[in-house]
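Reading the structure
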Amino acid sequence: MPTLTRWLIKTALLYFVASLALGVVLAAKDAFGLAPSLAGLVPVYFHLLMVGWVTQLIFGVAFWMFPRYSKEKPRGREGLAWAMYASLNAGLLLRGLAEPMHSGAPSAFWAAVLVVSALLQWSAGLMFVANMWKRIREK
Amino acid sequence: MPRLSVLLIRTALVYFAAGFTLGGLMLVEKAVRIDPVLWRFFDAHVEFLLVGWTVQLAMGVAFWMLPRFEGGVSRGNEPAAWAAFFLVNTGVLFVGLGSFLGLPQAVSLTGRVIEVGAALAFALNAWPRVRPSPA
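Residues numbered from 1 in each chain as written. Chains lettered and ligands numbered in written order. Predicted model: local features only at pLDDT ≥ 70, side-chain atom pairs only at ≥ 80, totals over all residues. Heavy atoms only, no water.

Residue and element names in this part refer to chain B. Examined against the element boundaries, alanine 83 turns out to sit in helix α3 (residues 78–100). By relative accessible area, alanine 83 is classed as partly exposed at 30%. Linking alanine 83 and aspartate 35, residues 48 residues apart in sequence, is a C-alpha distance of 39 Å. (Helix = DSSP H or I, 4+ residues; strand = E, 2+ residues; numbered from the N terminus. Buried < 20%, exposed > 50% of the residue type's maximum accessible area, 1.4 Å probe, protein only.)

In total, this model carries 6 salt bridges over all chains according to the counting rule given. As a salt-bridge pair, Glu99(A) and Arg95(A) come within 2.8 Å of each other at their nearest N and O atoms. With Glu99(A) and Arg95(A) both in helix α3 (residues 78–104), this residue pair falls 4 residues apart, about one helical turn. Given the relative accessible area of 2%, Glu99(A) is considered buried. Judged by relative accessible area, Arg95(A) falls into the buried class, the value being 9%. Across the pair Arg3(B) and Glu138(A) runs a salt bridge, and its minimum N-O distance is 2.9 Å. Placement of Arg3(B) in helix α1 (residues 3–32) and of Glu138(A) in the segment after α4 (108–132) is noted, with the two residues assigned to different chains. Each of Arg95(A), Glu99(A) and Lys30(B) takes part in salt bridges that share partners, so that together they form one network. (Salt bridge = Lys/Arg side-chain N within 4 Å of Asp/Glu carboxyl O.)

Each pair of packed helices can be described by the angle between their axes along with the distance between the axes. Residues and elements named next belong to chain A. Viewed as axis vectors pointing N to C, helix α1 (residues 3–32) and helix α2 (residues 42–65) meet at an angle of 160 degrees, and their least axial separation amounts to 8 Å. Taken as axis vectors, α1 and α2 run roughly antiparallel relative to one another. As α1 packs across α2, the resulting crossing turns out to be left-handed. Residues belonging to the contact of α1 with α2 are distributed by class as follows: 21 nonpolar, 7 polar and no charged. (Axes fitted to C-alpha atoms, helices over the stretch in contact; angles between N-to-C directions. Parallel < 35°, antiparallel > 145°, perpendicular 65-115°, else oblique. Left-handed = near helix turned anticlockwise from the far one by under 90°. Nonpolar A, V, L, I, M, F, W, Y, C, P; charged D, E, K, R; others polar.)

Listed below in structure tokens is the structure:
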């Protein structure tokens, strides 16, 4: 298993645990009438689960198992794939911080962080597509 | 990788890029209030990423990797799998674009029914392939 795949899958596992733990907090909010501001965490919960866990797990397995790009570069542009990993996780973590902060107390600072997080996640998605596209081909 | 898997996975990648782009636009809108009309992308964002990307990717990989017949030559009922490809993409477009364009609810409902057809067609191909490996 390539090093990047190990990083992707282990990071995905951390998001898996974190997102479901956050789900417990959100359920407790409803059950025990905790601070209504916790509702700002709902989109964070969904994205930690679907992007941090599911999508990142797919990225890790695809990078490992999909057909090789070439003999010299079996997994395509590895530098681009590492940049994708960094960009995806930086974007997701910044989002996890900025989205509830901005929804609780809107400010120019948190708005800017949110925009940066959107750009990081979006560019990570495009980097993944760019790196995988040519590996998806007939034998 | 068989041609149908290439099509399924590459189409899934297109939906992934589209869904991520719509999500990014909505997140930026949340931060800087460009135009609330961008929130009409919400249903398309969810549909593209959940069915167009995740489900379709799983279909592509399953069609490629599940055990084959006749000494590894045949992937079973291939017309059913091709039907699943066309149906799932028609369904996603109906659901995704129907909500964005403000079309009647019947359009999204039709899309969901078409997606059920895709699942049935895909199951028709995959079901007999899920079996013990020959000794």
